[in-house]
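Next come the chains, spelled out residue by residue.
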Amino acid sequence: MDLRYTPEEVAFRDEMKTFFREKIPAEIRNKGAAGHHATKQDMITAQRIMNQHGLAVTNWPVEWGGKDWTPMQRYIYTEELMSNHVPAPLPFNVAMVGPVIAFFGTEEQKKHFLPRAANIDDWWCQGFSEPGAGSDLASLKTRAVRDGDHYVINGQKTWTTLAQYADWIFVLARTNPEARKRQEGISFILVDMKTPGITVRPIQLVDGGHEVNEVFFDDVRVPVGHLVGEENRGWDCAKFLLANERSGIARVGLSKANIRRLRDLARTVPSGDATVWDSESFRYKVNEVEIDLKALEITQLRVIANERKRGGLPDPASSILKIKGSEIQQRITELALELAGPFALPYHDMEDEIPDGANDLPDGFDWADTVAPSYFNNRKVTIYGGSNEIQRNIIAKMVLGF
Ligand SMILES: Cc1cc2nc3c(=O)[nH]c(=O)nc-3n(C[C@H](O)[C@H](O)[C@H](O)COP(=O)(O)OP(=O)(O)OC[C@H]3O[C@@H](n4cnc5c(N)ncnc54)[C@H](O)[C@@H]3O)c2cc1C
């Protein structure tokens, strides 16, 4: 199997690289490169520029602004986006609700919601998980009861990422508690976040950020026209959405860029008369993770080649990409923490309590500020998008045939 890029693919890669570097403001990309989260406005700005150039919703059907690209072109687009630290198009809009509406929605829903989602005129969030329903999503308890031409929704969602910014939420709710199988009584419903009865409560994270929330529904009335697909067939939408969520989760481009940064920083951190990069043991650890990343990249290219042979059907081996990709992302944050050492602690907030001269941040070490938050934040990557244990179950069943 020849895994090298063809000349056309090399030209496509250069085109994408040039686009991201020339059109997305350097100020936004530099923030990502320095380990900071993109702000809401950065994400909107970047996605609107991509949308103007037809590059925000490349995974959608062509008639709704998507691209008729090969799997390899899709891979290259994602790699260039990530390795240039461009904020990815909002996944809730672009990878999740957009494709579901395009596939299962009515013409009216498509015309209204899709252009707005592509341009983030509406910011969407995902209302799937509940306190008792995560990996076992089908056990969800949020109820939607038909009352004339409305559903009345009661229940609670949790871990709802960026719900504090959201204009709309797509919700899985139980519409038939008597169904023979749990999966058969669930519907996929679009809910305006301004509807009376919705409360968003932040969950404070250990990295100090506010990224996830609890969302409560108390007698929330939603027009029946906001049901997507058939009533009680929402599980079909959910499965379709979750398969899309996992694609691109290996984040090879991002890890490549983060390893480059780690190496550059190690060359600036003093260690005795030399730098940390001169230490064989640190170099060994970085090289080890880089070799794993190379193996992951090649595996990803093989999975893409297999999917091409399978006529575009997802390859269950993509679960391997999720596991290895997330472990590598975490490993890089661990090495960054080792590199920053005590300077990763938030001493700058405690200046008054530190004796003169002790543990001052040396000049040029301002990057160390983001290291500990990023380490803590990245604990999530082995959980969301289907935890790594669940991915191992998929591999056992679908790849190894147990
Ligand atoms: C940062 C973050 C953002 C998120 N954003 C969203 C969002 O926007 N919207 C949304 O709906 N959800 C979101 N989630 C929720 C996410 O999908 C769930 O956390 C995930 O599905 C796991 O569910 P759980 O947390 O209930 O854990 P559980 O399902 O209770 O699992 C607990 C542990 O048991 C293991 N486990 C469970 N079942 C099995 C099994 N059968 N075999 C082996 N091990 C098993 C799991 O791997 C895990 O280690 C987010 C989560 C995080 C951490």
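Residues numbered from 1 in each chain as written. Predicted model: local features only at pLDDT ≥ 70, side-chain atom pairs only at ≥ 80, totals over all residues. Heavy atoms only, no water.

1. Description of the overall build of the protein
Link 1 in the chain: Scanning the protein from N- to C-terminus turns up twelve helices and ten strands.
Link 2 in the chain: Taking 2.2 N^0.38 as the reference for a compact globule, 402 residues should give roughly 21 Å; the C-alpha atoms of the protein span a radius of gyration of 23 Å, in line with that estimate.
Link 3 in the chain: Each principal axis of the C-alpha atoms in the protein carries an extent, and together these give about 75 × 60 × 45 Å.
Link 4 in the chain: For the protein, the proportion of contacts with a sequence separation of at least 24, taken over those separated by at least 6, is 74%.
Link 5 in the chain: Surface exposure of the protein reaches about 20,100 Å², of which carbon and sulfur atoms provide 52%.
Link 6 in the chain: Computed over 48 positive and 56 negative side-chain charges, the inter-centroid distance for the protein is 7 Å. (Helix = DSSP H or I, 4+ residues; strand = E, 2+ residues; numbered from the N terminus. Rg over C-alpha atoms; globule rule 2.2 N^0.38 Å. Contact = heavy atoms within 4.5 Å. Areas by Shrake-Rupley, 256 points an atom, 1.4 Å probe, with all protein chains shown as cover. Lys, Arg positive; Asp, Glu negative; His and termini not counted. Charge placed at Lys NZ, Arg CZ, Asp CG, Glu CD.)

2. Points about a nonpolar patch on the surface
Link 1 in the chain: There is a patch of nonpolar side chains on the surface, built from Met398, Val399, Leu400 and Phe402 and spanning about 480 Å² of accessible area.
Link 2 in the chain: As for its placement among the helices and strands, Leu400 is situated in the segment after helix H12 (388-399).
Link 3 in the chain: With a relative accessible area of 53%, Leu400 lands in the exposed category. (Patch = residues over 30% accessible without salt bridge, like charges linked within 9 Å, V, L, I, M, F, W, Y side chains within 5 Å. Salt bridge = Lys/Arg side-chain N within 4 Å of Asp/Glu carboxyl O. Buried < 20%, exposed > 50% of the residue type's maximum accessible area, 1.4 Å probe, protein only.)

3. Quick look at the domain arrangement of the protein
Link 1 in the chain: When cut into domains, the protein gives domain 1 (7-89), domain 2 (124-233) and domain 3 (250-399).
Link 2 in the chain: Counting each side, the surface lost to burial between domain 1 and domain 3 is near 1,200 Å², with a carbon and sulfur contribution of 62%.
Link 3 in the chain: In terms of surface lost to domain 3, no three residues of domain 1 exceed Pro71, Tyr75 and Met82, which account for 40% of the buried area on that side.
Link 4 in the chain: Summed over the shared surface of domain 1 and domain 3, the number is zero salt bridges.
Link 5 in the chain: At the surface where domain 1 touches domain 3, the tally comes to five residue pairs in polar contact (both at pLDDT 80 or more).
Link 6 in the chain: No other element matches the six residues that helix H4 (residues 71-83) contributes to the side of domain 1 that touches domain 3.
Link 7 in the chain: Here the side of domain 1 that touches domain 3 is built from residues that sort into six nonpolar, five polar and two charged. (Domains from an automatic or database assignment. Buried area = accessible area lost by both parts, 1.4 Å probe. Polar contact = N/O pair within 3.5 Å; in protein donor to acceptor, adjacent residues only side chain to side chain. Nonpolar A, V, L, I, M, F, W, Y, C, P; charged D, E, K, R; others polar.)

4. A closer look at the site of the ligand
Link 1 in the chain: Around the ligand sit 17 residues in total, of which Ser135, Trp159, Thr161, Ser387 and Glu389 are the nearest.
Link 2 in the chain: Between Gln126 and the ligand, the recorded distance is 2.9 Å, taken from a backbone N or O atom to a nitrogen atom.
Link 3 in the chain: Between an oxygen atom of the ligand and a side-chain N or O atom of Glu389, the distance comes to 2.6 Å.
Link 4 in the chain: Coverage of the ligand by the protein chains reaches 65% of its 970 Å² of free accessible surface.
Link 5 in the chain: Here the residues of the shell around the ligand are counted per class, giving seven nonpolar, eight polar and two charged. (Near = heavy atom within 4 Å.)

5. So, the packing of helix H5 (residues 91-104) against helix H6 (residues 107-118)
Link 1 in the chain: The contact between H5 and H6 brings their axes to 10 Å, and the two run at 165°. Overall, the two elements H5 and H6 adopt an arrangement that is roughly antiparallel. Judged by the twist between their axes, the crossing of H5 over H6 is left-handed. Two secondary-structure elements touch here, H5 through Asn93, Gly98, Ile101 and Ala102 and H6 through Gln109, Lys110, Phe113, Leu114 and Ala117.
Link 2 in the chain: When its residues are assigned to classes, the contact of H5 with H6 shows five nonpolar, three polar and one charged. (Axes fitted to C-alpha atoms, helices over the stretch in contact; angles between N-to-C directions. Parallel < 35°, antiparallel > 145°, perpendicular 65-115°, else oblique. Left-handed = near helix turned anticlockwise from the far one by under 90°.)

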